[in-house]
Amino acid sequence: MSIQHSGHQEQTLYQAEPNMTHNIKSVRDHIHHLCGQHANQLVRVETLDGDVFEGTIMHCEKGILYLSLSGYENQRGFSPGYYNNVILPLVLFELLVITLLYT
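Residues numbered from 1 in each chain as written. Predicted model: local features only at pLDDT ≥ 70, side-chain atom pairs only at ≥ 80, totals over all residues. Heavy atoms only, no water.

## As for the nonpolar core
Counting residues in hydrophobic clusters, the biggest one holds 15 residues, and the most contacted among them are Val45, Leu65, Leu67 and Leu90. Breaking this core down by element, the ones donating at least two residues are helix 1 (18-37), strand 3 (42-47), strand 4 (52-61), strand 5 (64-69) and strand 6 (87-91). The contacts of leucine 65, once residues within four sequence positions are left out, are Cys35, Val45, Ile57, His59, Cys60, Leu88, Pro89, Leu90, Leu92 and Leu95. (Core = buried A, V, L, I, M, F, W, Y, C linked by side-chain atoms within 4.5 Å. Buried < 20%, exposed > 50% of the residue type's maximum accessible area, 1.4 Å probe, protein only. Helix = DSSP H or I, 4+ residues; strand = E, 2+ residues; numbered from the N terminus. Contact = heavy atoms within 4.5 Å.)

This is the structure in structure tokens:
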């Protein structure tokens with residue numbers, strides 16, 4: 001598909017199928033609801049890419065989970081002593097597992 005717009009030519013490279021869009025929204029809404037129920041609780045989160053983070057669920061909004069990292073000095077990409085109150089935003093549809101940790 002090629003569209004002429006404001007003197008620029010555009011070509012759609014990817015468009016999600018309608019049933020796929022519905023499924024992604026459904027999963028996103030389900031995870032959003034679960035995160036809301038467990039706000040301020042300690043969790044372990046694993047992403048589709050295999051990254052694992054432990055922290056406290058701070059907030060969930062517009063498809064993003066905000067996780068306050070615990071033991072952030074041990075997390076990949078963070079240096080000890082340089083960061084306080086690290087909040088990691090994670091996209092809901094990229095999450096594979098969320099495990100509630102009891103202390």
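## What to know about the pairing of strand 6
Residues Leu88 and Leu90 point to one face of strand 6 and are all buried, whereas Ile87, Pro89 and Val91, pointing to the other face, are not buried. Pairing analysis gives 5 bridges linking strand 5 to strand 6, with the strands arranged antiparallel. For leucine 65, the partnering residue across the bridge sits in strand 6 and is leucine 90. (Pairing = 2+ DSSP bridges.)

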